[in-house]
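# Tertiary structure, described
So you can see what is in the structure, the chains are spelled out below.
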Amino acid sequence: MASQSAVTEVCEGRAKVDLPQSVFYNPVQEYNRDLTIAIISEFAERHIKNPSAYLVSRAARKKFGCQKENDPSSVAVTADIDKDKKQVVLEAGKKYQNGIRIFEGLAASGLRSVRFGLEIPGVKEIIANDFDKNAVEFIKRNIEKNDLSHIMMAKHGDAAMGMYESKAEENLFDVVDLDPYGSPSIFLDATVQSVRDGGLLCITCTDAAVLCGNALEKCSATYGAVSLRSKFCHEMAVRIILQCIDSHANRYSRYIVPLISLSVDFYFRVFVQVFTSQKQVKHSCTKKAMVYECVGCGAFELQPLAQAVPTKGEDNFKFIPGNGAPVASECEHCGHHYRCGGPIWTDPLHDHEFIKSVIARVEDFPSPLKTKDRICGMLNVALEELPDVPLYYVLDAVCSVIHCQPPNMMLMRSALLNAGFKVSMSHAAKNSYKTNAPSQIIWDIMRTWIKDHPVSEKRLAQGSVAKAILEKAPKHQISFKAHPEANPDSREKGLLRWQANPLPNWGPKAKAKRSQPGDLTEKRAANQGKMKKAKDRNHSAAEPETQEHGEKE
C-alpha cells in the first residue's frame, strides 16, 4: 500500500476517492464520466421499467431466481417493477434485485465505478476490475470510503478473462465499460460475448493518432481497417471503431446498434447495444463501405461492401457484392488520383430518440453534472446530424484548396438548401458540414462564390488544383439567398458545442505505471547513492589516462 503522503483525495460528482501516484487519473475526462453516468442511467431505467423482453428467457428468470413461469418469486420481481413504474423515480445508491449489473474492466482507483454506485439509479451490482494489485487495494478502500459495499465489489484480474468467465447466460452483464489507455481492441472479443441480449457497451479509444491516419498499418492491424489522414478523420475514426466492434460481434451471431457515438477532444467514446440474431447479422456487410478520397481537392465517395437484394418471401434477401469503384482513376474535378481507406461503418451513429431522452435526463439530473452544458450542447449537435450521410467537409479546408476567402457557414448552408439538398453540422469538427449533395455541387458553389470574391492570379498556377477546378464553368444554378433553416437550433440557442481548452497541457496523460511493493523497494535500492556510484565510475574511467600522462612527464 502506498504511503499516506503519496495518496491524494479526489472529489468528483458525489464521489470522494483516494488515489495513489501510481494510479492513472485525468480530470479532463470528467466529461466522459458525466456523459456515461447520464447514458447508463437512462439505460437502467428503461431496463427496470420495461423488462418483459429480458424476463422471457429461461436464463433471465434463473438470474432472478425464478425457475418456472408461475414461480412466486417471478411475481415478486414483476410486482417490484410495477411498483417502480408507479414511483417513476429510482434511487441512486440503492440495490435493486431487478437492476443492472455493471462491469468496469479497467477501473484503476475505481472512481468511475464509485460514481456509478452513487449516481446511477437502478443498479444491482457493480464489479470494478483491475490487473494492478495496488489499484485493487485502493478500489476496496474507496468502496468503504463511499459506503458502497452493498452494491460494489473489487476484482483483481485480467479484464478479458473476467469477461470470458461471465459468458454463461446466467452470468452475463447488462453493461460493460472499457476505458483503456490506447486501444480496446484486445478486449473486444470477450466484451461482445459478456453482455446479455440488448446489453450496453461503453467503449473509449484514446489512440487517436492511429485512428486518424498517422499509422494506417497499425490501424489495419488493430481495427481491421485503413485510416486516412483527412479533414473528416475524426468521424471516420468513430466509424472504424464501430465496424470493428460489429465485426467481433458478428462472429457470435450478434450485431450492434449504436446509441451515441462521439469524437471528443483527444479520444473517442461509443455507446452501443448488442443483440443476437443470425438473420440480422447477414445485413452487417451492407452497413460497411470503403472510402475513396481525392488527394488533390479532398472530394470523397463511398463504396458499399455489399448490397441486399429483396427476393421471394417476407424479409428475404440475396446478398451480392458492391458495384465497381465509384470513381475513375483520376478526379473529375482536379485530375489527381484517389486513395482508399476503410472499411467504415455507414449506418447511423446515433439513436435520435435515445439522445433526446438523455438530454432531458441531464437537464433534470438530481445533482447537476459539472459538464452539463457541454453534454447538452454536443448531444444537440449530434441530434441535428444527418443520420444517413457519413463523413463531412470542413469549410475552411474546401476554401484553402482554391485559396479563396471563405463564405460564412450560413451562406454555405443556404446555398446547399436552396439547391434542394440536406445539410447539417458534425459534432466531430467545428465549421464542418455534412450533406447529401455530390461533390460537383460543392465545387459549383465555390465557383459561383469566387465570381464576387475573386482568387489572386498568383494562386492559379498552371497545373495547380485551384486552376483545374476554377477553369471549369458551374453546371448548376447557385443561390446564396438566406434560407430559413440555415441556422441550426444548437447555434441559435447559443449552446456550448465545442469546448475551449480547459487546462494547460490538458491532453492525454502518461500511461500509469503498475506499482508493487517489491518494485518500489528495488527501485529505492537501485537509486541509493547513485550520485556517488556515478562519481566512482567516472573516476575509474579516468585513472588509466592519468597514469599514461604521468609516465610521459
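First, a word on what this report is: a plain description of the structure on this page. Counting restarts for each chain: residues are numbered from 1 in the order of the written sequence. Note on the predicted model: pLDDT of at least 70 is required for a residue's local features to be given, and 80 or more for side-chain atom pairs to be given and counted; whole-chain, interface and lining totals, by contrast, use all residues. Excluded from the side-chain calculation are hydrogens and water; included are all heavy atoms of the structure.

## Here we look at the overall build of the protein chain
What counts, and what does not: For helices the rule is a DSSP run of H or I covering at least 4 residues; for strands it is a run of E covering at least 2, with both sets numbered from the N terminus onward. Note on classification: 1.4 Å probe, protein chains only; a residue is buried when its accessible area is under 20% of the maximum for its type, exposed when over 50%, partly exposed between these limits. Residues count as neighbours in contact if any of their non-hydrogen atoms are within 4.5 Å of one another. A 1.4 Å probe and the Shrake-Rupley method give the accessible areas. Residues count as covered only by the protein chains that appear here.
Summing up its helical and strand segments, the protein chain has 21 helices and 17 strands in all. In the protein chain, which comprises 553 residues, the proportion classed as buried is 52%. Long-range contacts, defined here as pairs at least 24 residues apart, represent 71% of the contacts in the protein chain between residues at least 6 apart. With an accessible surface of roughly 26,400 Å², the protein chain has 51% of that area assigned to carbon and sulfur atoms.

## Details of the nonpolar core
This is how it is decided: Take the buried residues of types Ala, Val, Leu, Ile, Met, Phe, Trp, Tyr and Cys, join any two whose side-chain atoms come within 4.5 Å, and each joined set is a nonpolar core.
Ranked by size, the top nonpolar core spans 92 residues in total, and within it I245, C297, I402, Y433 and M446 carry the most contacts. Broken down by element, this core gets its largest block of residues, 10 residues, from helix 11 (residues 233-250). Apart from residues lying up to four places away in sequence, C297 is in contact with C331, H333, C334, V401, W443, V465 and I469. V23, A107, L111 and V264 belong to the second largest nonpolar core, which has 56 residues in total.

## Notes on the packing of helix 13 (residues 352-363) against helix 14 (residues 372-384)
Applicable threshold: Each axis is a line fitted through C-alpha atoms, and for a helix only the stretch in contact is used; angles between axes span 0 to 180 degrees, taken between their N-to-C directions. Our angle categories are set so that under 35 degrees counts as roughly parallel, over 145 as roughly antiparallel, 65 to 115 as roughly perpendicular, and the remainder as oblique. Handedness of each helix crossing follows the sense of rotation of the near helix against the far helix: counterclockwise by less than a right angle gives left-handed, clockwise gives right-handed. Residues are grouped as follows: Ala, Val, Leu, Ile, Met, Phe, Trp, Tyr, Cys and Pro are nonpolar; Asp, Glu, Lys and Arg are charged; every other residue, Gly included, is polar.
One way to put it is that helix 13 packs onto helix 14 with a least axis distance of 10 Å and a crossing angle of 160°. Classified by the angle their axes make, helix 13 and helix 14 are roughly antiparallel. Along this stretch, helix 13 crosses helix 14, giving a crossing that reads as left-handed. Residues H352, I355, K356, V358, I359, V362 and E363 of helix 13 pack against K372, I375, C376, L379, N380, A382 and L383 of helix 14. Split by residue class, the contact of helix 13 with helix 14 holds nine nonpolar, two polar and three charged.

## Observations concerning the packing of aromatic side chains
We count it as follows: Between the rings of Phe, Tyr and Trp (Trp by its six-membered ring), a pair exists once the centres lie within 6.5 Å; its type follows the angle of the planes, with under 30 degrees stacked, over 60 edge-to-face, and the other angles tilted.
For the structure on display, the rule yields seven aromatic pairs. Ring centres 5.9 Å apart and planes at 25° place the aromatic pair Y393 and Y433 in the stacked group. With Y393 in strand 15 (residues 393-394) and Y433 in strand 17 (residues 429-435), the pair connects residues that are 40 residues apart, well separated along the chain. Overall, Y393 belongs to the buried group, its relative accessible area being 11%. Geometrically, the ring pair formed by W449 and F480 is edge-to-face, given 5.8 Å between the ring centres and 65° between the ring planes. Residue W449 is found in helix 17 (residues 439-452), and its partner F480 is found in the loop between helix 18 (465-470) and helix 19 (489-492); the two are separated by 31 residues along the sequence. Exposure remark for W449: the relative accessible area of 9% places this residue in the buried category.

## Regarding the sheet that holds strand 8 (residues 254-264)
Just so we agree on the cut-off: Note on pairing: two strands pair once DSSP finds at least 2 bridges between them.
In space, the seven strands of this open sheet follow the order 5-4-3-6-7-9-8, with mixed pairing throughout. With partners counted over all chains shown, the strands left at the sheet margins are strand 5 (152-156) and strand 8, one partner each. Pairs of neighbouring strands in the sheet enclose a mean axial angle of 20°, with direction left out of account. Where strand 8 and strand 9 (residues 267-276) come together, 10 bridges link them in antiparallel fashion. Across the sheet, the residue bridging to S261 is V270, located in strand 9. Packing of helix 11 onto the sheet brings it into contact with strand 7 (195-205), strand 8 and strand 9, and relative to strand 8 it is tilted by some 160°.

## Focus on the environment of D207
Note the cut-off: The term polar contact refers here to a pair of N or O atoms within 3.5 Å; inside protein, the definition further demands a hydrogen-donor-capable atom paired with an acceptor-capable atom, and it admits residues adjacent in sequence only when both atoms are side-chain atoms.
Mapping D207 onto the fold places it in the loop between strand 7 and helix 9 (208-211). We classify D207 as buried; its relative accessible area is 13%. A sequence separation of 25 residues divides D207 from G182, and the C-alpha atoms of the two residues are 4.7 Å apart. Beyond its immediate stretch of four places on either side in the chain, D207 contacts G182, S183 and Y223. One polar contact links D207 to Y223, side chain to side chain, over a distance of 2.9 Å.

## A short note on the side chain of H283
When you line up the elements, H283 lands in the loop between helix 12 (278-281) and strand 10 (288-294). When neighbours within four sequence positions are excluded, H283 is seen to be in contact with A308, F317 and F319.

## Regarding the sheet that holds strand 10
Pairing is antiparallel in the open sheet, where three strands are placed in the order 11-10-14. The strands lining the two open edges of the sheet, one partner per strand, are strand 11 (300-304) and strand 14 (338-345). Geometrically, the sheet is characterised by an average inter-axis angle of 25° between neighbouring strands, direction not taken into account. Here five bridges tie strand 10 to strand 11, and the two strands are oriented antiparallel to one another. Opposite E293, over in strand 11, you have F300 as the bridge partner.

## Focus on the pairing of strand 4 (residues 123-130)
Where burial is concerned, most of strand 4 is hidden: seven out of the eight residues are buried. One ladder, built from five bridges, connects strand 4 with strand 5; its direction is parallel. When the bridges of strand 5 are listed, A128 appears paired with A154.

## Description of helix 16 (residues 409-418)
The buried count for helix 16 comes to eight of 10 residues, which makes it a mostly enclosed element. Burial in helix 16 covers these residues: M409, M410, M412, R413, S414, A415, L416 and L417. Packing partners of the buried residues in helix 16 comprise helix 15 (395-402), strand 16 (423-426), strand 17, helix 17 and helix 19. For helix 16, the capping residue at the N-terminal end is N408, with a side-chain oxygen 3.0 Å from the backbone nitrogen of M410. Residue G420 follows helix 16 closely and has a positive phi angle near 95°.

## Here we look at the pattern of salt bridges
What counts is decided by this rule: Criterion for a salt bridge: a side-chain nitrogen of Lys or Arg within 4 Å of a carboxyl oxygen of Asp or Glu.
Applying the stated rule across the entire model yields 28 salt bridges. E353 is paired through a salt bridge with R46; the nearest N and O atoms lie 3.1 Å apart. Here R46 lies in helix 1 (residues 30-49) and E353 lies in helix 13, a separation of 307 residues in the sequence. For E353, a relative accessible area of 46% puts it in the partly exposed group. In this structure, the salt-bridge partner of D444 is R447, at a minimum N-O distance of 2.7 Å.

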